[in-house]
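Architecture and fold: a report
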Amino acid sequence: MTEQTQTFVAAMVQMRTGLVPRDSLEQGRHLIREAALAGANYVQTPEVTNMMQTGRAGLFEHLRREEDDESLKAYRALAAELGIYLHIGSLAVQASPERAANRAFFIAPSGDVLATYDKIHMFDIDLPNGETYRESANYQPGETAVISDLPWGRIGITICYDVRFPALYRALAEAGASFLTVPSAFTQKTGEAHWHTLLRARAIENGCYVFAAAQGGTHENKRSTYGHSLIVDPWGVVIAEAMGTDPGFIIAEIDTAKVTEARNTVPSLQHGRRFGIRDAKAGPGHLHLVRDAT
Ligand SMILES: O=C(O)CNC(=O)[C@H](CS)NC(=O)CCC(=O)C(=O)O
């Protein structure tokens, strides 16, 4: 291997995405540019960087196919201009006549798209305060976990509600990821209860950095999101955090030696998959293995 630096600088852009892609693009570009000027090599934006709409009609009015999406075009040009890895947490794009995809774009400093990922887990939820979400009514879920590569290590790509499904992150770590990414638009309610804990748990249990750019504040569509963009190190320490919901960016130096260090100290990645499940009701001698013990 040629000489490779083990450190780089990561920035999470926190946004308050508006109704219309054109306005959101202006906000996104400005903050990405500032993060790059501050020295970031890798910049991530939140889920639905392009728009947060009120309903199906508004969404479909502004939805474009990936090939025709002006936001994607602009962000590819910006990555090339700034010479950064630009991870657009997601764009709502047209996937079929009836369905959108909640799709992440991982863009190289050349402007080429290195990877795309369609959000797998749909946020179909009724909260006790009356908020209801039916993401699957408009979006078609993805079926494939995605990894790609930064020059400093492998990156696992996920979105928001995916964070509640730890098996996905374990699969990404087992596929070699050192960096797990969770760009989000968490609700205010669930965010204050669960956000930090879920992200720190994914970091700790996999010995990975976790990068999570967030939406924050009250949006044009009247939704409130939690903010608190985070960078968590592989030991579970929050090394950068947006203190609140305002648009801006957070930035930290990332040292890949910390991944090795955390995994050497607690080798839980290697110690995994050692169980079966015994069905007590089936009586003695019945052992149902749900996974191969190694
Ligand atoms: O629909 C949009 O405009 C943007 N997309 C979102 O806000 C998505 C799907 S509704 N939000 C989440 O997944 C929140 C998850 C969450 O808050 C939790 O897991 O607690």
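All values derive from a computational prediction rather than experimental measurement. (Residues numbered from 1 in each chain as written. Predicted model: local features only at pLDDT ≥ 70, side-chain atom pairs only at ≥ 80, totals over all residues. Heavy atoms only, no water.)

Attention now moves to the overall build of the protein chain. Helices and strands together make up the secondary structure of the protein chain, namely six helices and 18 strands. The C-alpha radius of gyration computed for the protein chain amounts to 19 Å, which stays within 12% of the reference 19 Å derived for 294 residues, consistent with globular compactness. Along the first, second and third principal axes, the C-alpha atoms of the protein chain reach 65 × 50 × 35 Å. Here the protein chain holds 294 residues, and the buried ones make up 50% of them. Contacts in the protein chain between residues at least 24 apart in sequence constitute 67% of all its contacts with a sequence separation of at least 6. Summing over all exposed atoms, the protein chain offers an accessible surface of approximately 13,500 Å²; the carbon and sulfur share of this is 50%. For the protein chain, the distance from the average position of its 28 positive side-chain charges to the average position of its 34 negative side-chain charges is 5 Å. (Helix = DSSP H or I, 4+ residues; strand = E, 2+ residues; numbered from the N terminus. Rg over C-alpha atoms; globule rule 2.2 N^0.38 Å. Buried < 20%, exposed > 50% of the residue type's maximum accessible area, 1.4 Å probe, protein only. Contact = heavy atoms within 4.5 Å. Areas by Shrake-Rupley, 256 points an atom, 1.4 Å probe, with all protein chains shown as cover. Lys, Arg positive; Asp, Glu negative; His and termini not counted. Charge placed at Lys NZ, Arg CZ, Asp CG, Glu CD.)

Moving on to the packing of aromatic side chains. Note on aromatic pairs: each is described by the distance of the centres and the angle between the planes. Applying the stated criterion across every chain, the model contains 12 aromatic pairs. With 4.4 Å between their ring centres and 15° between their planes, Phe8 and Trp152 make a pair best called stacked. Of this pair, Phe8 sits in strand S1 (residues 7-14) while Trp152 sits in the loop between strand S8 (146-150) and strand S9 (153-157), and the two are 144 residues apart along the sequence. Grouping residues by exposure puts Phe8 and Trp152 together as buried. Note on Tyr42 and Phe211: the rings are 5.4 Å apart at their centroids and 35° apart in plane angle, and the pair reads as tilted. Of this pair, Tyr42 sits in strand S2 (residues 42-45) while Phe211 is found in strand S11 (residues 209-212), placing the two residues 169 residues apart along the sequence. In this structure, Tyr42 and Phe211 share a single accessibility class: buried. One aromatic cluster is present, built from ring pairs that chain together Phe8, Tyr42, Tyr85, Phe106, Trp152, Phe179, Tyr209 and Phe211. (Phe/Tyr/Trp six-rings, centres within 6.5 Å; stacked < 30°, edge-to-face > 60°.)

It is worth spelling out the UniProt feature "domain: CN hydrolase" (unreviewed entry) in the protein chain at this point. Those residues carrying the UniProt feature "domain: CN hydrolase" (unreviewed entry) are residues 8-256 in this numbering. The distance from the first to the last C-alpha atom of residues 8-256 is 9 Å, and the span holds 26% helix and 33% strand. (UniProt positions renumbered as here; feature names shortened; annotations may be inferred.)

Take a nonpolar patch on the surface next. A contiguous nonpolar patch, built from Trp235, Val237, Ile239 and Val266 and spanning about 350 Å² of accessible area, is present on the exposed surface. Position of Trp235 relative to the elements: it lies in the loop between strand S14 (230-232) and strand S15 (238-241). (Patch = residues over 30% accessible without salt bridge, like charges linked within 9 Å, V, L, I, M, F, W, Y side chains within 5 Å. Salt bridge = Lys/Arg side-chain N within 4 Å of Asp/Glu carboxyl O.)

Here the focus is the site of the ligand. Within the structure, the ligand sits among 14 residues, and Lys119, Arg164, Thr187, Thr190 and Arg223 are positioned closest to it. Arg164 places a side-chain nitrogen or oxygen 2.7 Å from an oxygen atom of the ligand. One nitrogen or oxygen atom from the main chain of Thr187 is found 3.0 Å from an oxygen atom belonging to the ligand. In isolation the ligand exposes 490 Å². Once the protein is present, 94% of that is buried. Looking at the shell around the ligand residue by residue, the classes come out as seven nonpolar, two polar and five charged. (Near = heavy atom within 4 Å. Polar contact = N/O pair within 3.5 Å; in protein donor to acceptor, adjacent residues only side chain to side chain. Nonpolar A, V, L, I, M, F, W, Y, C, P; charged D, E, K, R; others polar.)

To continue, consider the nonpolar core. Phe8, Tyr42, Leu150, Phe179 and Phe211 are the most contacted members of the largest nonpolar core, which totals 49 residues. The contact partners of Leu150, leaving out residues within four places of it in the chain, are Phe8, Tyr42, Tyr85, Phe106, Ile155 and Phe179. Counting 23 residues, the second-largest nonpolar core is a separate cluster that includes Ala11, Ala35, Leu86 and Phe105. (Core = buried A, V, L, I, M, F, W, Y, C linked by side-chain atoms within 4.5 Å.)

The subject of this paragraph is the sheet that holds S9. Read across the open sheet, the six strands follow the order S8-S9-S10-S11-S14-S15; overall the sheet is mixed. Two strands close off the open sheet at either side, each with one partner strand: S8 and S15. On average, adjacent strands in this sheet sit at an angle of 20° to one another, irrespective of strand direction. One ladder, built from three bridges, connects S11 with S14; its direction is antiparallel. What sits directly across from Val210, in S14, is Val232. Each of S8, S9 and strand S10 (177-181) touches helix H4 (residues 166-174); the most contacted strand, S10, lies at about 150° to it. (Pairing = 2+ DSSP bridges. Axes fitted to C-alpha atoms, helices over the stretch in contact; angles between N-to-C directions.)

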